[in-house]
Amino acid sequence: MNFIEVINKCKDCRECENYCSIFLSTGKYGPHEKLKIAKEILEESEKPKKWETVFYCTKCEACDLNCPENIPITKIIDEARRVCVNKWGIQFPRQEILTKNIFKTGNPFGKTLSRLHWLDEPIKEKSKTLLHIGCMYSYILPNTAKSIVKILNKLDVDFTISPNENCCGYFVYNTGNHTAAYKLIKNNIKEFEQYDRIITACAGCTIFFKQQYGLNDKVVHLIEVVDEKLKEKNIELPEIKKINAIFHDSCHISRPFDIIKQPRDVLEYLGFKEGKNLKEFDLTKELGTCCGADGGMRIINKELAIKIGKERVEEASKKAEILFTLCPFCINNFYKAMEDYDIDIKIKSIFEELAHIL
Ligand code: SF4
Ligand code: SF4
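Predicted, not measured: the structure shown is a model, and the values here were computed from it.

Rules of the game
Chains are numbered independently. Their residues run from 1 in the order of the written sequence. Chains carry letters from A onward and ligands carry numbers from 1 onward, assigned in written order. Whole-chain, interface and lining totals are the exception, using all residues; otherwise, since this is a predicted model, local features are given only for residues with pLDDT of at least 70 and side-chain atom pairs are given and counted only at 80 or more. With hydrogens and water set aside, each side-chain value is computed from the structure's full complement of heavy atoms. Axis lines are fitted to C-alpha atoms, over the contacting stretch for helices. Their N-to-C directions set the angle, which ranges from 0 to 180 degrees. What counts as a helix is a DSSP run of H or I of at least four residues, what counts as a strand is a run of E of at least two, and both are numbered from the N terminus. For classification purposes, angles smaller than 35 degrees are called roughly parallel, those larger than 145 roughly antiparallel, those between 65 and 115 roughly perpendicular, and all remaining angles oblique. Left-handed describes a crossing whose near helix is turned anticlockwise from the far helix by less than a right angle; the clockwise case is right-handed. Residue contacts follow a heavy-atom distance rule, with two residues in contact if any of their heavy atoms lie within 4.5 Å. The residue classification treats Ala, Val, Leu, Ile, Met, Phe, Trp, Tyr, Cys and Pro as nonpolar and Asp, Glu, Lys and Arg as charged. All others, Gly included, are polar. Here the bounds of each domain stem from an automatic or database domain assignment. Defined here as a combined quantity, buried area equals the accessible surface (1.4 Å probe) lost by two parts on assembly, summed across both. Salt bridge, as applied in this entry: a Lys or Arg side-chain nitrogen positioned within 4 Å of an Asp or Glu carboxyl oxygen. N or O atoms closer than or at 3.5 Å make up a polar contact, with two conditions inside protein: a donor-capable atom paired with an acceptor-capable one, and, for residues adjacent in sequence, both atoms drawn from side chains. For the purposes of this analysis, a disulfide is any pair of cysteine sulfur atoms at a distance within 2.5 Å.

Observations regarding the packing of helix 12 (residues 222-232) against helix 14 (residues 261-268)
And then number 1: Axis separation between helix 12 and helix 14 bottoms out at 9 Å; the angle between their running directions is 45 degrees. Between helix 12 and helix 14, the interaxial angle falls into the category oblique. In the packing of helix 12 onto helix 14, the handedness of the crossing is left-handed. Contacts between helix 12 and helix 14 involve I223, E224, V226, D227, L230 and K231 on the former and, on the latter, K261, Q262, P263, D265 and V266.
And then number 2: Considering only residue class, the contact of helix 12 with helix 14 consists of five nonpolar, one polar and five charged.

Topic: the domain arrangement of the protein chain
By a frequent convention, interface size equals the accessible area lost on bringing the separate parts together.
And then number 1: Under the domain assignment used here, the protein chain contains domain 1 (3-88), domain 2 (93-226) and domain 3 (228-357).
And then number 2: Once you take the C-alpha centre of each, domain 2 and domain 3 turn out to be 21 Å apart.
And then number 3: Across the boundary between the two partners, domain 2 contributes 35 residues, which contact 31 residues of domain 3.
And then number 4: When residues of domain 2 are sorted by the area they lose upon contact with domain 3, L155, I223 and V226 head the list and together hold 20% of the total.
And then number 5: Taken together, the connections running from domain 2 to domain 3 amount to one salt bridge.
And then number 6: Scanning the region where domain 2 abuts domain 3 turns up 12 residue pairs in polar contact (both at pLDDT 80 or more).
And then number 7: Where the side of domain 2 that touches domain 3 is concerned, the elements lending two or more residues are helix 6 (93-105), helix 7 (135-140), helix 8 (142-154), helix 9 (170-174), helix 11 (203-211) and helix 12.
And then number 8: Among the elements that make up the side of domain 2 that touches domain 3, the one with the highest residue count is helix 8 (seven residues).
And then number 9: Taken together, the residues that form the side of domain 2 that touches domain 3 break down as 19 nonpolar, 10 polar and six charged.

Looking at the state of the cysteines
Linking two cysteines covalently through their sulfur atoms gives a disulfide.
And then number 1: As enumerated under the stated definition, the model contains zero disulfides in all.
And then number 2: This cysteine, C84, is not joined by any disulfide, and C57 carries the nearest cysteine sulfur, 13 Å off.

Below is the structure:
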């Protein structure tokens, strides 16, 4: 792609800003501004004053979808970050720490516990289907990891988990250090050769495996498997609950892969039905705004990531008693926003709730 030619197609209409959670929350760091800074980064030999702007992005792809000129803004942001690293060696201090941790311990948090420390029920040693649970579930939300294994066992899914599981590299890629990210990709791809299918539990791993590993056909998100199995087994739907819930779509699987209907169908098994007690955000489904955490945002500016999450949690609390999500980044960020801003709502993982009823 000739990035400069593509950037020059921008008509300065600023439509993209209406869907950017960072711009909506701060009035700054909009996709239009990012394009202008990206152009300077790509063309100039001197580092532009506002180079940080291209890192203030969750990579949610809402701008790509809503640009009338079809400019692939997120791809341009990726390229600008890569050039920042290659031309000027730019890395935020926390980005450097997380990258070092990944190469030392296999996870960005530097945890030395076994990858499967949370596993509390038997799984098959061998299968042609791999469950890739991801760093976030393994080390930050291990109870949800347990629930996921319980659900797959209850639904008779044939799968295994590898004790050699490693970070997918999405964290590293988002820092702009593509050389380091491709080292991880190369090693993981070799490990994945033995499997016919990979079930991903984390939305970040899903988009990265599909887009950067080239494993689009081999990778399926957990919610797709769960939805299919629940229907196949003819599990009876419960009565509709007398409270309202709302579902937050995860940008990394809703917009690029149209995984929008499946989580809503699964929520019916928890007693929440679309058009009845399952409410929607003003911007929802393929237009839904981001939780604020991903794309490296929480690494470079945790407070801002949580502030962006607050906007979503506040809207949810006006419409429902429970906010459901299925992504570890969203859950983690929303939970912190709820606590920090003292918002009255329950935040739940679809998988944890489902594990209780199966
Ligand atoms: S929507 Fe597209 S054309 Fe309009 S300002 Fe944004 S990038 Fe430029
Ligand atoms: S990818 Fe999302 S966060 Fe980044 S500029 Fe586009 S809309 Fe904003």
